[in-house]
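# Remarks on the overall topology
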Amino acid sequence: MRSSLLNKLWMIFGPKPKLNWLILSVISILAFITLFGSSSSNAIDTSPRRQASLIYTNYRRIKERVAVDYLELKSVSSGGLKQKELGLCGKERENFVPCHNVTANLLSGFEQGEELDRHCQVSREEDRCLVRPPKEYKIPLRWPRGRDIIWSGNVKITKDQFLSSGSMTKRLMLLEENQIAFHSQDGLIFDGVKDYSRQIAEMIGLGSDTELPQAGVRTMLDINCGFGSFGAHLLSLKIMAVCVAAYEATGSQVQLSLERGLPAMIGNFIARQLPYPSLSYDMVHCAQCGISWDEKDGMFLIEVDRVLKPGGYFVLTSPTSKLQGSSREKKSITLNPMEEHTQQLCWTLLAQQDETFIWQKTADLDCYASRKQRAIQLCKDGDDTQSYYQPLVPCISGTSSKRWIAIQNRSFDSELSSAELEIHGKSAVDNYWSLLTPLIFSDHPKRPGDEDPLPPYNMIRNVMDMSSNYGGLNAALLEEKKSVWVMNVVPARASNALPLILDRGFTGVMHDWCEPFPTYPRTYDLLHANGLLSQFISERCSMIDLFLEMDRILRPEGWIILSDTVGTIEMARTLATQVRWEARIIDLQNGSDQRLLVCQKLFLKK
């Protein structure tokens, strides 16, 4: 396209493209557009309605074409017809997670655990390069086999770390030559995950863990999830379990869970709120998660209460979590800090069995008024849904929210009307779904030695919708019965639909795309973004940095689907070349100015 454009201009202005010559050519084209715009305005006044619409559409497309041509001419004037491909990063950045540089955080004065937290403001500018996979990296096995067997070279965990892990972990894992194999859910030993899940259900008052969804438990936040086996079991019960754990340089729980195809992200209870709105989850689970819940005047428990829905459950399993203090007699009338904080939060201790305790959050707002005067105060700010790494608050959130509905009384239906879903949700995906399914799911090239993929086996498991709106892509994937899960990301500056997404039983998070996403490299199979790039153009940050971040979190041979206006997609295709993606533009042929850019990340071996 560049060559054809330049050939035409050389015929008019001469063969040597100097900067003044380029500016003159652009001015000439813009003058033509201005003249065309004027004539098209006259045409609109005198022509039939349908013809005026066509003229306006053509005028808009020519304006976008000129904008793209101007960018290409600007590139020519700066000295090159082809964008240079970015180089590969060094070996030290194979598992690079921006904003989690512990050394830099310590030098900046963070301590007492905060050095492990996310601090993007102290991350120094790095050279732009592509994070490459380790030498031993292999494409993950197809789901669901990849849930139970992963390549040990794909995660940064040593044999010593494996052997020093907890007893339950060792029972659930077998370390072989180049694989980590997890026991399947069938035939677990008597105190395995399946029985643990059934025990929790019985403590709540249910007959079986299969009744958890009917009792209102559809989403769970699993704090420091180990290697995700409990969450894997809950997913088989159609409960969306999301692992959240602190950054770990090696032996990462989040990295290993995502490698297994289980929802997970980096996050911790140290100084700031998690990037979820109030009243987000039906259950919060902590099994030997290493958190001292009574520290900082119960601030960590208050954060659990913030993300927990009314009537939701907090499950704590720990050998040290005894309600009676070790220095107190069992009959002491003095409450220990844990008991005191839970009572102030209006939690009820439902049951205790062995080392497992289950509290239920109140759904009765009158409970807060009946507490003693020195109890934890209610937050005064009515809009407490916007939470993007804000400091922990010492007050109870969500009590004035319209979403204050007990999980046991909540309807499973979406809160959107059918008309709203048609506009904001699935219809946007249906417009091009028939194009994408053969490209990605059915006709994926077979690698030597692989068997043909058969349902429910597919190459795609971890999906991220980078600008999820109301979760339309998630709903479409479920309707197509794809065995995938979707991380629905709501951009920090977009309309906050995250509460509605979470209430639909999906998983999601708020994120500012001018910053890196809190995950490890090579953890997603498919990235999707509808309209994000147009929004991003007006942001303070660089588009190439966004593409580098997408490349970092995408697995080799993974897919990227970008939907946007013609001009924006043309710009994106140039950037895709720089990050070495194979890219193609698809015209939806529906009369709109939207185009798709479908890319695949190559497996760049050393």
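Computed from a predicted model, the values in this text were never measured in an experiment.

## Quick notes on the overall build of the protein chain
For the protein chain, the count of helices and strands is 20 helices and 17 strands. Scored against the burial criterion, the 606 residues of the protein chain give a buried share of 54%. Here the protein chain has roughly 28900 Å² of accessible surface; of this, 52% comes from carbon and sulfur atoms.

## Details of the sheet that holds strand β7 (residues 281-287)
On the basis of which strands lie adjacent, the open sheet formed by seven strands has the order β6-β5-β4-β7-β8-β10-β9 and mixed pairing. At either margin of the open sheet sits one strand with a lone partner, and together these are β6 (264-266) and β9 (347-353). Averaged over all neighbouring strand pairs, the angle between strand axes comes to 20°, with direction disregarded. Bridge analysis of strand β8 (residues 308-317) against strand β10 (residues 356-361) gives five bridges, and the strand direction is antiparallel. Counted as the bridge partner of leucine 316 is phenylalanine 357 from β10.

## Overview of the state of the cysteines
One pass over the structure, following the stated rule, counts seven disulfides. With its sulfur 2.0 Å from that of its partner, cysteine 286 forms a disulfide with cysteine 289. One quick way to see it: the torsion about the S-S bond of cysteine 286 and cysteine 289 is about -80°, and its sign makes the bridge left-handed. A single burial state applies to cysteine 286 and to cysteine 289, both of which are buried. Residue cysteine 379 pairs covalently with cysteine 395 via a disulfide, S to S 2.1 Å. With the S-S dihedral at roughly 95°, the linkage between cysteine 379 and cysteine 395 falls on the right-handed side. Of this pair, cysteine 379 sits in the loop between α13 (366-369) and α14 (418-424) while cysteine 395 sits in the loop between α13 and α14, and the two are 16 residues apart along the sequence.

## Concerning the packing of aromatic side chains
Applying the stated criterion across every chain yields a total of 14 aromatic pairs. Centroid distance phenylalanine 357 to tryptophan 359: 5.9 Å. Interplanar angle 20°. Geometry classified as stacked. There is no split in this pair, since phenylalanine 357 and tryptophan 359 are both buried. A centroid spacing of 5.8 Å and a plane angle of 55° characterise the contact between tryptophan 485 and tyrosine 524, whose relative ring orientation is tilted. Linking tryptophan 485 in strand β12 (residues 485-491) with tyrosine 524 in strand β14 (residues 524-530), this pair joins segments that are 39 residues apart in sequence. Taken together, the ring pairs in this structure connect Phe269, Trp293, Phe314, Trp347, Phe357 and Trp359 into an aromatic cluster. The aromatic ring of tryptophan 143 is capped on one face by arginine 147, whose charged end is 5.4 Å from the ring centroid. Sitting over the face of the ring of tryptophan 143, arginine 461 holds its NZ or CZ atom 3.5 Å from the ring centroid.

## Quick word on the packing of helix α8 (residues 193-204) against helix α9 (residues 229-236)
Angle between the axes and distance between the axes are the two parameters that describe a pair of packed helices. Interaxial distance between α8 and α9 falls to 10 Å at its minimum, and their mutual angle equals 70°. As far as their axial angle goes, α9 and α8 are roughly perpendicular. Two packed elements cross with a definite hand, and for α8 against α9 that hand is right-handed. Here α8 contributes Val193, Lys194, Tyr196, Ser197 and Ile200 to the contact with α9, which in turn contributes Ser229, Phe230, His233 and Leu234. Of the residues in the contact of α8 with α9, the class split is five nonpolar, three polar and one charged.

## Here we look at the confidence of the model for the protein chain
In low-pLDDT regions, the fine details of the predicted coordinates are not to be read closely. The predicted model of the protein chain has a mean per-residue pLDDT of 77, with 69% of residues at 70 or higher. Per-residue pLDDT stays below 50 along residues 442-457; that stretch engages in 19 contacts with residues further than four places along the chain or on separate chains.

## Structural notes on empty space enclosed by the protein
Tallying each qualifying case throughout the model produces eleven cavities of 30 Å³ or more. Reported here for the largest cavity is a volume of approximately 220 Å³. Lining the largest cavity are 21 residues, and of these Pro140, Leu141, Met459, Asp525 and Arg555 sit closest to its centre. The set of elements that each furnish at least two residues to the lining of the largest cavity consists of α5 (145-148) and β15 (554-565). In terms of residue count, β15 provides more of the lining of the largest cavity than any other element does, five residues in total.

## Side note on the sheet that holds strand β17 (residues 594-601)
If you trace the seven strands from one edge of the open sheet to the other, you get β13-β12-β11-β14-β15-β17-β16, paired in mixed fashion. Of all strands in the sheet, those bounded by a partner on one side alone are β13 (507-511) and β16 (581-587). Neighbouring strand axes in the sheet, compared pairwise and without regard to direction, differ in orientation by 20° on average. In the sheet, β16 pairs with β17 via seven bridges, with the strands oriented antiparallel. Among the inter-strand pairings, isoleucine 585 is bridged to a residue of β17, identified as leucine 597. Lying on the sheet, helix α19 (residues 543-553) is in contact with β11 (462-465), β14, β15, β16 and β17; it crosses β15 at an angle near 140°. Set on the sheet, helix α20 (residues 566-578) makes contact with β15, β16 and β17; between it and β15 the angle comes to about 155°.

Rules and cut-offs
Residues numbered from 1 in each chain as written. Predicted model: local features only at pLDDT ≥ 70, side-chain atom pairs only at ≥ 80, totals over all residues. Heavy atoms only, no water. Helix = DSSP H or I, 4+ residues; strand = E, 2+ residues; numbered from the N terminus. Buried < 20%, exposed > 50% of the residue type's maximum accessible area, 1.4 Å probe, protein only. Areas by Shrake-Rupley, 256 points an atom, 1.4 Å probe, with all protein chains shown as cover. Pairing = 2+ DSSP bridges. Axes fitted to C-alpha atoms, helices over the stretch in contact; angles between N-to-C directions. Disulfide = S-S within 2.5 Å. Phe/Tyr/Trp six-rings, centres within 6.5 Å; stacked < 30°, edge-to-face > 60°. Lys NZ or Arg CZ within 6 Å of the ring centre and 35° of its normal. Parallel < 35°, antiparallel > 145°, perpendicular 65-115°, else oblique. Left-handed = near helix turned anticlockwise from the far one by under 90°. Contact = heavy atoms within 4.5 Å. Nonpolar A, V, L, I, M, F, W, Y, C, P; charged D, E, K, R; others polar. pLDDT = per-residue confidence, 0-100. 1 Å grid on protein atoms, 1.4 Å probe; cavity = no way out; pocket = protein on both sides within 12 Å on 5 of 7 lines; lining within 4 Å. Points joined across faces, edges and corners; volume = space filled by probe spheres on them.

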